[in-house]
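# Chains, contacts and geometry: an overview
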Amino acid sequence: MVFNPLNYDKWYDDNRTIFQREIYIIKEAGIEGLSAEIGAGTGKFSSELGIKFAVDISRDMIEFAKNRVENVLVGSACSLPFRSKSFDTLVFAFSMSFIKCKDQAINEAMRVAMSAIILDFDPEDSYFKDLKLQYPEIGPFNLIKKDNSKIKINQNIKLDFNNRIISLILIKIESLI
């Protein structure tokens, strides 16, 4: 799927509350140390989260991200352009749903980082269904924000890949509105 960078940013600009809640969830999951965003698009999430490296398969998106993120690369989640153990944390902010080689992308994430945060919608996607069946979940639960509003987390699954942790956080869009 190809996104127009201007339309991508406009959606988040028009839905600022949803964007802020998504940022909050990712921060609560715990970004630590040197981090990169995979499927970074325009770099909107990377910029807001203070992430210094952004990778996206779309040259148009990466051109846009250059204005927001220090280090941008055109690349595939299925073959990340980094050495092993280059990062502490990788973030997939709503990009995993669009990646066709999900297993390969997760293996690549675990090759280059100590942990990964995957925030995505809770679709009827068989890949996510299979993961939910294989691993115990932590949740559903509500994140309580400082202003006492709640964000419903549909699934929060900690996956252990050879002592590396993946936080798979699945949400329903209506819980962000």
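Here's a quick rundown of the structure. (Residues numbered from 1 in each chain as written. Predicted model: local features only at pLDDT ≥ 70, side-chain atom pairs only at ≥ 80, totals over all residues. Heavy atoms only, no water.)

### Here's the deal with the overall build of the protein
Applied cut-off: Going along the chain from the N terminus, every DSSP run of H or I of four or more residues is numbered as a helix, and every run of E of two or more is numbered as a strand. The classification of residues rests on relative accessible area computed with a 1.4 Å probe and restricted to protein chains. Under 20% of the type maximum is buried, over 50% is exposed, and intermediate values are partly exposed. Contacts: residue pairs with any heavy atoms within 4.5 Å of one another. Surface accessibility follows the Shrake-Rupley procedure with a 1.4 Å probe radius. Residue values consider only the protein chains on display as shielding.
On a plain count of helices and strands, the protein comes out with six helices and nine strands. Evaluated residue by residue, the protein yields a buried proportion of 49% over its 177 residues. Partitioning the contacts of the protein with sequence separation of at least 6, the portion at a separation of at least 24 is 57%. Just so you have it, the protein exposes about 9,200 Å², and 50% of that area is on carbon and sulfur atoms.

### Some points on the packing of aromatic side chains
Each pair of aromatic rings is reported with the distance of its centres and the angle of its planes. Selection criterion: Stacked, tilted and edge-to-face are the three classes assigned to paired rings of Phe, Tyr and Trp, where Trp is represented by its six-membered ring and a pair needs centres within 6.5 Å; plane angles under 30 degrees give stacked, over 60 edge-to-face, the rest tilted. Here, a charge over a ring is recorded when the distance from Lys NZ or Arg CZ to the ring centre is within 6 Å and its angle to the ring normal is within 35 degrees.
Within the structure shown, the criterion is met by nine aromatic pairs. With 6.2 Å between their ring centres and 50° between their planes, Phe45 and Phe94 make a pair best called tilted. One end of the pair, Phe45, is in helix α3 (residues 44-49); the other, Phe94, is in the loop between β4 (87-93) and α5 (102-112), with 49 residues separating them in the sequence. Judged by relative accessible area, which is 7%, Phe94 ranks as buried. Their ring planes at 90° and their centres at 6.2 Å tell us that Phe53 and Phe82 sit as a pair that is edge-to-face. Separated by 29 residues along the polypeptide, Phe53 in strand β2 (residues 53-56) and Phe82 in the loop between β3 (71-74) and β4 bring together distant segments of the chain. For the cation-ring pair, Lys44 lies above Phe19, with the distance from its terminal atom to the ring centre recorded as 5.4 Å.

### Points about the nonpolar core
Side chains of nonpolar character tend, in soluble globular proteins, to be buried together. The condition that has to hold: For the purposes of this section, nonpolar cores are sets of buried Ala, Val, Leu, Ile, Met, Phe, Trp, Tyr and Cys residues that join through side-chain atoms within 4.5 Å.
Of all hydrophobic cores here, the largest spans 20 residues; its most connected members are Ile38, Leu90, Phe92, Met96 and Ile99. When residues of this core are traced back to their parent elements, those giving at least two are β1 (35-38), β4, α5 and β5 (113-121). Counting residues per element, this core draws most heavily on α5, at five residues. When residues no more than four places from it in sequence are discounted, the contact partners of Ile38 are Val55, Ala77, Leu80, Leu90, Val91, Phe92 and Ser95. If you look at the next biggest cluster of nonpolar residues, it comprises 14 residues, including Phe19, Ile23, Ile25 and Ile26.

### Structural notes on the pattern of salt bridges
Defined as follows: When a carboxyl oxygen of Asp or Glu lies within 4 Å of a side-chain nitrogen of Lys or Arg, that pair is called a salt bridge.
Using the criterion set out here, one finds six salt bridges in the structure. Among the ionic pairs, Lys44 bridges to Asp13, the shortest N-O distance being 2.9 Å. Of this pair, Lys44 sits in helix α3 while Asp13 sits in helix α1 (residues 5-14), placing them 31 residues apart in sequence. Overall, the relative accessible area of 10% leaves Lys44 in the buried class. Overall, the relative accessible area of 45% leaves Asp13 in the partly exposed class. Glu70 is the salt-bridge partner of Lys52, the closest N and O atoms lying 3.5 Å from each other. On the criterion of sequence distance, the pair formed by Lys52 in the loop between α3 and β2 and Glu70 in the loop between α4 (59-65) and β3 is long-range, its members being 18 residues apart. The partly exposed category is assigned to Lys52, whose relative accessible area is 37%.

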